[in-house]
Amino acid sequence: MQNNFENLEKNKPELYQFNELNKLDESTLDLEQYNVWEYVGDYEREVCRLMWEMCRDKYDKAMMVSYWHGGIGDDSKESRYQDIFINKCEEVVSSYINNAPTWIDIIIK
């Protein structure tokens, strides 16, 4: 999987820097997740929803929103954590989606 959120608003990058996002309260970050949904298709929306559910706290949510808006992109500790966190989330989501039930499962049961 790759970052398929190219349609997101990129003209205000300072709003989506991890350090700025991490200052927001959790409910504001939750609202930002819904704002992302306006710019993505159905498949990406489901990926977004599933990845969001893997966030443990507001730190992870700030990481996720930052990623959706282009990522941290430097060699900081936060950037390395973001890469690992996002890769793990994408791996789990990909596995989940690939094993989603289909009409065949009805016949088997």
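Residues numbered from 1 in each chain as written. Predicted model: local features only at pLDDT ≥ 70, side-chain atom pairs only at ≥ 80, totals over all residues. Heavy atoms only, no water.

Topic: the packing of aromatic side chains
Here's step 1: Going through the model one piece at a time under the given rule, you end up with 5 aromatic pairs.
Here's step 2: Aromatic side chains F18 and Y59 sit 5.2 Å apart centroid to centroid with 85 degrees between the ring planes, which places their arrangement in the edge-to-face category. One end of the pair, F18, is in helix 1 (residues 18–21); the other, Y59, is in helix 4 (residues 58–68), with 41 residues separating them in the sequence.
Here's step 3: Using a relative accessible area of 7% as the deciding quantity, one classes F18 as buried.
Here's step 4: Here the aromatic rings of Y34 and W37 are separated by 5.1 Å at their centres, their planes lie at 70 degrees, and the arrangement is edge-to-face. Of the two residues, Y34 and W37 both sit in helix 2 (residues 26–37), 3 residues apart, roughly one turn of that helix.
Here's step 5: Its relative accessible area of 49% is what places Y34 among the partly exposed residues.
Here's step 6: An aromatic cluster is present here, built from F18, Y59, Y81 and F85 joined pairwise through their rings. (Phe/Tyr/Trp six-rings, centres within 6.5 Å; stacked < 30°, edge-to-face > 60°. Helix = DSSP H or I, 4+ residues; strand = E, 2+ residues; numbered from the N terminus. Buried < 20%, exposed > 50% of the residue type's maximum accessible area, 1.4 Å probe, protein only.)

Some thoughts on the packing of helix 3 (residues 42–53) against helix 4
When two helices pack together, you describe them by how their axes are tilted relative to each other and by the distance separating the axes.
Here's step 1: Where helix 3 contacts helix 4, the two axes come as close as 10 Å, and the packing angle between them is 155 degrees. With respect to their mutual orientation, helix 3 and helix 4 come out roughly antiparallel. Crossing angle aside, the handedness with which helix 3 passes helix 4 is right-handed. Together, C48, M51 and W52 of helix 3 and K61, M64, V65 and W68 of helix 4 make up the contact between the two elements.
Here's step 2: By residue class, the composition of the contact of helix 3 with helix 4 is 6 nonpolar, no polar and 1 charged. (Axes fitted to C-alpha atoms, helices over the stretch in contact; angles between N-to-C directions. Parallel < 35°, antiparallel > 145°, perpendicular 65-115°, else oblique. Left-handed = near helix turned anticlockwise from the far one by under 90°. Contact = heavy atoms within 4.5 Å. Nonpolar A, V, L, I, M, F, W, Y, C, P; charged D, E, K, R; others polar.)

Overview of the side chain of D60
Here's step 1: Note that D60 resides in helix 4.
Here's step 2: When near neighbours in sequence (up to four residues on either side) are disregarded, D60 contacts M54, C55, Y81 and F85.

With respect to the nonpolar core
Here's step 1: In terms of nonpolar packing, the biggest core is built from 22 residues, with M51, W52, M64, V65, W68 and F85 touching the most fellow members.
Here's step 2: No other element matches the 6 residues that helix 4 contributes to this core.
Here's step 3: Setting aside its immediate chain neighbours within four residues, M64 contacts M51, W52, C55, F85, I86 and C89. (Core = buried A, V, L, I, M, F, W, Y, C linked by side-chain atoms within 4.5 Å.)

Description of helix 2
Here's step 1: Compared with the 16 Å implied by 1.5 Å per residue over 12 residues, the 17 Å span of helix 2 between its first and last C-alpha is a close match.
Here's step 2: Along helix 2, the positions that sit buried rather than exposed are L29, E32, Q33 and V36. Along helix 2, the residues classed as buried sweep out an arc of 105 degrees about the axis, all on the same side. (Expected span 1.5 Å × (residues − 1). Arc of directions from axis to C-beta.)

What about the layout of surface pockets?
Any empty space left between atoms is shown by rolling a water-sized probe over those atoms.
Here's step 1: Considering only enclosed or pocket space, the largest pocket measures out at about 190 Å³ in volume.
Here's step 2: The wall of the largest pocket is formed by 12 residues, among which Q17, F18, S66, G71 and I72 lie closest to the centre. (1 Å grid on protein atoms, 1.4 Å probe; cavity = no way out; pocket = protein on both sides within 12 Å on 5 of 7 lines; lining within 4 Å. Points joined across faces, edges and corners; volume = space filled by probe spheres on them.)

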